[in-house]
Amino acid sequence: MTGVPASAAGGSPGAKGATGAPGASGAPGASGTPGGAKPARGGKLGAAAVNQASLWNIANILTMIRLVLVPGFVALMLADGGYDPAMRAWAWAAFAVAMITDIFDGHLARTYDLVTDFGKIADPIADKAIMGAALVCLSALDDLPWWVTFVILGREFGVTLLRFVVIRYGVIPASRGGKLKTLAQGTAVGMYILPLTGALATLRFWVMVVAVILTVVTGLDYVRQAIVLRRRGIAERRAAAAETER
């Protein structure tokens, strides 16, 4: 009954169009045009407008800002050989903004239902791009041992790959340990970006130690969760197949 043009109803004098007004064959539809032919086009345009608006939401914009900050951050880190205190301070500011947007974009997307396919792909890429750029720059400048960079980045990419491998069985949820790991990594790397000396330089070393420990421990926990999730998924599939055969 709803959305059927008057012409489709057989054109009888008592037929009603999409708006419920009396109409005959060729009577105006919902858009005021004969036969109600125009609403379909308008519906498509409206859907396209909604999809476009959902892409350019605040959460995705913050993610894009983080991606744009990456090359600027690298340029600031490596300016004048990488040891200009002023440039390092600006690099820290860019890194801090990226970390802050990382906190807010996910929260906004979940709270206000702004999750999009673009965000699902771009958000983890942006996270790993800014952290990876910072670690590689610090190691290239001999401010941070390369093994620390390999451990952190290896864990991040390994967990991401693991999520894709077991996605058919379910989703591995983010843990509290993972959030602490992210906080520790961001704090430690931020302190290494700044040209600190004395007690603060010693403090950042121990913060990085904590970050590396959390990186390894939470990475192993994700492996454990993936194994459990896969076994459970396989068992459920076998049980479902056995039930079907009965």
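Residues numbered from 1 in each chain as written. Predicted model: local features only at pLDDT ≥ 70, side-chain atom pairs only at ≥ 80, totals over all residues. Heavy atoms only, no water.

**Digging into the side chain of Arg 66**
Its place among the elements puts Arg 66 in helix H2 (residues 58-78). A residue is classified by how much of its surface remains accessible, and Arg 66, at 0% relative accessible area, is buried. Contacts of Arg 66, omitting those with residues within four sequence positions, involve Ala 98, Thr 101, Asp 102, Asp 105, Asp 123, Ala 126 and Asp 127. (Helix = DSSP H or I, 4+ residues; strand = E, 2+ residues; numbered from the N terminus. Buried < 20%, exposed > 50% of the residue type's maximum accessible area, 1.4 Å probe, protein only. Contact = heavy atoms within 4.5 Å.)

**Side note on the layout of surface pockets**
Size it by volume and the largest pocket reaches roughly 1,800 Å³. At the level of elements, H2, helix H3 (85-111), helix H4 (117-140), helix H5 (146-165) and helix H6 (176-193) are the ones that each hand at least two residues to the lining of the largest pocket. A per-element tally of the lining of the largest pocket places H4 first, with 9 residues. Looking at the lining of the largest pocket, its residues break down into 19 nonpolar, 14 polar and 12 charged. (1 Å grid on protein atoms, 1.4 Å probe; cavity = no way out; pocket = protein on both sides within 12 Å on 5 of 7 lines; lining within 4 Å. Points joined across faces, edges and corners; volume = space filled by probe spheres on them. Nonpolar A, V, L, I, M, F, W, Y, C, P; charged D, E, K, R; others polar.)

**Quick word on the nonpolar core**
Grouped together as the largest cluster of nonpolar side chains are 31 residues, with contacts concentrated most on Phe 73, Met 77, Phe 95, Val 189, Ile 193 and Met 208. The set of elements that each furnish at least two residues to this core consists of H2, H3, H4, H5, H6 and helix H7 (199-245). Ranked by residues supplied to this core, first place goes to H4 with 7 residues. The residues touching Met 208, leaving out its near neighbours within four places in the chain, are Leu 144, Val 148, Ile 152, Ala 188, Val 189 and Tyr 192. Of all hydrophobic cores here, the second largest spans 7 residues; its members include Val 166, Tyr 169, Ile 172 and Tyr 222. (Core = buried A, V, L, I, M, F, W, Y, C linked by side-chain atoms within 4.5 Å.)

**Considering the packing of H4 against H6**
Relative to each other, H4 and H6 sit at 40 degrees, their axes nearing to 11 Å. Between H4 and H6, the interaxial angle falls into the category oblique. The element H4 and its partner H6 pack so that their crossing is left-handed. Counted together, Met 131, Ala 134, Leu 135 and Leu 138 of H4 and Gln 185, Gly 186, Val 189, Tyr 192 and Ile 193 of H6 form the full contact between these two elements. Taken together, the residues that form the contact of H4 with H6 break down as 7 nonpolar, 2 polar and no charged. (Axes fitted to C-alpha atoms, helices over the stretch in contact; angles between N-to-C directions. Parallel < 35°, antiparallel > 145°, perpendicular 65-115°, else oblique. Left-handed = near helix turned anticlockwise from the far one by under 90°.)

**A few points about a nonpolar patch on the surface**
A cluster of nonpolar side chains, namely Trp 56, Ile 58, Ile 61, Ile 65 and Val 97, defines an oily patch on the protein surface of about 430 Å² accessible area. Residue position: Trp 56 is located in the loop between helix H1 (38-55) and H2. A relative accessible area of 48% means that Trp 56 is categorised as partly exposed. (Patch = residues over 30% accessible without salt bridge, like charges linked within 9 Å, V, L, I, M, F, W, Y side chains within 5 Å. Areas by Shrake-Rupley, 256 points an atom, 1.4 Å probe, with all protein chains shown as cover. Salt bridge = Lys/Arg side-chain N within 4 Å of Asp/Glu carboxyl O.)

**What about the side chain of Thr 218?**
Relative to the helices and strands, Thr 218 is located in helix H7. Since its relative accessible area comes to 5%, Thr 218 is described here as buried. Polar side-chain contacts of Thr 218 include one of 3.3 Å to the backbone oxygen of Thr 215. Once you skip the residues sitting within four places of it in the chain, Thr 218 turns out to touch Arg 155, Gly 177, Gly 178 and Lys 181. (Polar contact = N/O pair within 3.5 Å; in protein donor to acceptor, adjacent residues only side chain to side chain.)

**Quick word on the pattern of salt bridges**
Taken as a whole and assessed by the stated rule, the structure comprises 5 salt bridges. A salt bridge links Asp 143 to Arg 88; the shortest N-O distance between them is 2.9 Å. Placement of Asp 143 in the loop between H4 and H5 and of Arg 88 in helix H3 is noted, with a sequence separation of 55 residues between them. Judged by its relative accessible area of 23%, Asp 143 falls in the partly exposed class. One salt-bridge network, held together by shared partners, links Arg 155, Glu 156 and Lys 181.

**Focus: the packing of H6 against H7**
Two elements in contact, H6 and H7, have axes whose closest approach is 8 Å; the angle formed by their N-to-C orientations is 150 degrees. Classified by the interaxial angle, the pair formed by H6 and H7 is roughly antiparallel. By crossing handedness, the relation of H6 to H7 is classed as left-handed. Side by side, H6 and H7 meet where Gly 177, Gly 178, Leu 180, Lys 181, Ala 184, Gln 185, Thr 187, Ala 188, Val 189, Met 191 and Tyr 192 of the first sit next to Leu 200, Leu 203, Arg 204, Phe 205, Val 207, Met 208, Ala 211, Leu 214, Thr 215 and Thr 218 of the second. In terms of residue class, the contact of H6 with H7 is built from 13 nonpolar, 6 polar and 2 charged.

**Some points on a positive patch on the surface**
A surface patch of positive charge is lined by Arg 168, Arg 230, Arg 231, Arg 237 and Arg 238. Within the secondary structure, Arg 237 sits in helix H7. Note on Arg 237: relative accessible area 48%, which makes it partly exposed. (Lys, Arg positive; Asp, Glu negative; His and termini not counted. Charge placed at Lys NZ, Arg CZ, Asp CG, Glu CD.)

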